[in-house]
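Residue-level listing of the chains:
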Amino acid sequence: MAKRLIGIDIEAQFVRVAIATDDRGQRTLSATAQREWDTPDELTTALREMIGEPEFGDRIATALPAGAGFVRWLTFPFSDPKKIEAALAFELTNQLPVSIEQCVTGSARPRTLEGGGFRVAAAAVRNEAIAEKVTPCDAAGLPVQTLDLFPFAAAAGLRD
């Protein structure tokens, strides 16, 4: 059975949706749509009309604008993902203009530096920015599985 891959882009006046089907690795763009919206109810209605009823296996993704997050390059003497995850909030705390407690953090895979150590791209996104993107989808009964930050979302999407 083919599953749907659904991309949602919510902006101040427009919502855009792209739907692709994935049938055993063969991906086909099946629909695109754009609608204007003014109120949260209009946005919820537009999402439901453009996407329809959620189906088993749907994968829904959206991305935050670059301005919603803070990206920093961090250097660590280790590359263990668990150690990096443990140290991430501490390292970002001194580099962000907002409290780390108000953010969700994440990082990319570490890259080896020539002189030793490891470099990591780390991001922090304010909780309210995440809620702004996810709440309309939740209201429409469309659970978001993937939420990324531009421009990283575009790079990951192009890779896939």
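Our subject is the structure listed above.
Residues numbered from 1 in each chain as written. Predicted model: local features only at pLDDT ≥ 70, side-chain atom pairs only at ≥ 80, totals over all residues. Heavy atoms only, no water.

I tried to follow the overall build of the protein chain on my own but got confused; where do I start?
Secondary structure summary: the protein chain contains four helices and nine strands in total. Secondary structure of the protein chain in N-to-C order comes out as β-β-β-α-β-β-α-β-β-β-α-β-α. Taken along the three principal axes of its C-alpha coordinates, the protein chain extends 55 × 40 × 20 Å. Burial status across the protein chain gives 32% buried among its 160 residues. Sequence-distant contacts in the protein chain: of pairs separated by 6 or more residues, those separated by 24 or more amount to 57%. One way to put it: in the protein chain the 17 positive side-chain charges average out to a point 8 Å from where the 22 negative ones average out. (Helix = DSSP H or I, 4+ residues; strand = E, 2+ residues; numbered from the N terminus. Buried < 20%, exposed > 50% of the residue type's maximum accessible area, 1.4 Å probe, protein only. Contact = heavy atoms within 4.5 Å. Lys, Arg positive; Asp, Glu negative; His and termini not counted. Charge placed at Lys NZ, Arg CZ, Asp CG, Glu CD.)

What am I meant to see in the packing of helix α1 (residues 40–51) against helix α3 (residues 127–139) here?
Between two packed helices, both the angle of their axes relative to each other and the distance between the axes serve to describe the pair. The interhelical angle for the contact between α1 and α3, taken along N-to-C directions, is 65 degrees, at an axis separation of 8 Å. Read as a crossing pair, α1 and α3 show a hand that is right-handed. Between α1 and α3, the contacting residues are Leu43, Thr44 and Leu47 on the first element and Pro136, Cys137 and Ala139 on the second. For the contact of α1 with α3, the class distribution of residues is five nonpolar, one polar and no charged. (Axes fitted to C-alpha atoms, helices over the stretch in contact; angles between N-to-C directions. Left-handed = near helix turned anticlockwise from the far one by under 90°. Nonpolar A, V, L, I, M, F, W, Y, C, P; charged D, E, K, R; others polar.)

How do you make sense of the side chain of Thr44 when you look at a structure like this?
Mapped onto the secondary structure, Thr44 falls in helix α1. Using a relative accessible area of 18% as the deciding quantity, one classes Thr44 as buried. For Thr44, the contacting residues outside a window of four places in its chain are Pro136, Ala139 and Ala140.

Whenever I open this one, the pairing of strand β1 (residues 3–10) confuses me. Can you help?
Within a regular strand, the side chains alternate between the two sheet faces. A one-sided burial pattern is seen for β1, the buried positions being Arg4, Ile6, Ile8 and Ile10 and the unburied ones Lys3, Leu5, Gly7 and Asp9. Pairing between β1 and strand β2 (residues 14–23): eight bridges, direction antiparallel. Bridging from a neighbouring strand, Ile8 pairs with Val17 of β2. Linking β1 to β2, which pair antiparallel, is a turn of three residues. (Pairing = 2+ DSSP bridges.)

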